[in-house]
Amino acid sequence: MPTSILYSFRRCPYAMRARLAIATSDISVQLREVVLKDKPSELLTLSPKATVPVLLTEDELLIDESIDIMYWAWRQSDPQQCLDSLNEQQHSLTKELIAQNDGEFKSSLDRYKYADRYPEHSQDYYRQQAEIFLQKLELQLTANDYLLGSQLTLADLAILPFIRQFAFVDKAWFDASPYPKLQHWLELFIQSELFELIMHKYPQWQSGDIETYFP
Ligand SMILES: N[C@@H](CCC(=O)N[C@@H](CS)C(=O)NCC(=O)O)C(=O)O
């Protein structure tokens, strides 16, 4: 029975990353579904910064960054070679893309999504800022089916949840946008069994509940 514990929140793109990596490895974890406004004391005690995802491994290692959970999962087992297949150059491009995603793009995405909270600029302005990253991804996908080549890797799974969030701010705009490769890449992901698996709904975890395993 799995003994590593993952604190997760279904719609959080960072937690989705972690679940994607776990779901594409051969491992399972105990999943504790968190409600961000009502975090369990067990999580707050473990990780004072109190973001999700947080993983506590069976040997009591605490991992509280989503990317590090992805590495942890695939270092245990990587049957689809999401990490294993990357050469040095691909790995450095992956890191660059993820840094841009988590940095400038995420910041523009938040402003685009909640434009009323950031009245310094218009929603269109924030969307245009976000498009700088979309253009880069579109270029990658013009040459390849996936961001790094012909197979799904760390870069795709780390970035897809954020592009999905961006797309659904204004789906009609996204569907009509000049990014056909990106639209196709996202659509394949949303239609996949993998996506269905990681988006399964779990009730909020309460101390004392019987264990829920993921996947
Ligand atoms: N750098 C962290 C970011 C995680 C993060 O910010 N998660 C959000 C939810 S999507 C969170 O837990 N925010 C704290 C809160 O809303 O209380 C990671 O990659 O794991």
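Summarised in this report is the structure supplied together with it. (Residues numbered from 1 in each chain as written. Predicted model: local features only at pLDDT ≥ 70, side-chain atom pairs only at ≥ 80, totals over all residues. Heavy atoms only, no water.)

**Overview of the pairing of strand 2 (residues 29-33)**
Defined as follows: Here the term buried applies to any residue with accessible area under 20% of the maximum for its type, exposed to any over 50%, and partly exposed to those in between, with areas from a 1.4 Å probe on protein chains only. Helix and strand definitions here come from DSSP, where helices need a minimum of 4 consecutive H or I residues and strands a minimum of 2 consecutive E residues; each element is numbered from the N-terminal end. Should DSSP find at least two bridges between two strands, the strands are taken to pair. Orient the strands so they point away from the viewer, and a crossover whose first-strand-to-second-strand path over the helix runs clockwise is right-handed.
Counting buried positions over the five residues of strand 2 gives five, a clear majority of the element. Pairing geometry for strand 1 (residues 5-8) and strand 2, over four bridges, is parallel. Directly across from Ser8, in strand 2, lies its bridge partner Glu33. A crossover links strand 1 with its parallel partner strand 2, the connecting element being helix 1 (residues 13-23), and its sense is right-handed. Relative to strand 5 (residues 213-214), strand 2 runs antiparallel, the two sharing two bridges. Bridging from a neighbouring strand, Val29 pairs with Phe214 of strand 5.

**Section: unusual backbone geometry**
For the bond running from Val52 to Pro53, omega is 5°, close enough to zero to count as cis. Along the chain, Pro53 falls in the loop between helix 2 (41-46) and strand 3 (54-56). Cis geometry is adopted by the peptide bond preceding Pro215, which originates at Phe214 and carries an omega value of -5°. Here Pro215 is to be found in the segment after strand 5. Backbone geometry places Glu60, a non-glycine residue, at a positive phi of 70°. By the secondary structure assignment, Glu60 is in the loop between strand 3 and strand 4 (62-63).

**Some thoughts on helix 6 (residues 154-169)**
Applicable threshold: To get the bend at any residue, fit one axis to the seven residues that end at it and another to the seven that begin at it, then take the angle between the two axes.
Taking the largest bend as the criterion, helix 6 deviates by roughly 35°, centred on Leu160, and proline Pro161 comes between one and four positions later. Most of helix 6 is tucked away: 13 of the 16 residues are buried.

**What about the nonpolar core?**
Short version of the rule: Take the buried Ala, Val, Leu, Ile, Met, Phe, Trp, Tyr and Cys residues and link them wherever side-chain atoms come within 4.5 Å; each set so joined is a nonpolar core. By convention here, the domain bounds are inherited from an automatic or database domain assignment. Contacts are assigned to residue pairs that have any heavy atoms within 4.5 Å of one another.
One finds Phe105, Leu154, Ile159, Ile163, Phe166, Leu182 and Ile198 to be the most contacted residues of the largest nonpolar core, which totals 59 residues. Residues lining this core come from more than one domain, with at least three contributed by each of domain 1 (5-80 + 198-214) and domain 2 (88-195). Not counting residues up to four positions away in its chain, the partners in contact with Phe166 are Phe105, Leu109, Tyr112, Arg127, Ala130, Leu134, Trp173 and Phe174. Within the second largest apolar cluster, ten residues are counted, among which are Ile5, Tyr7, Cys12 and Val54.

Geometric descriptors of this kind do not, in isolation, establish any biological role.
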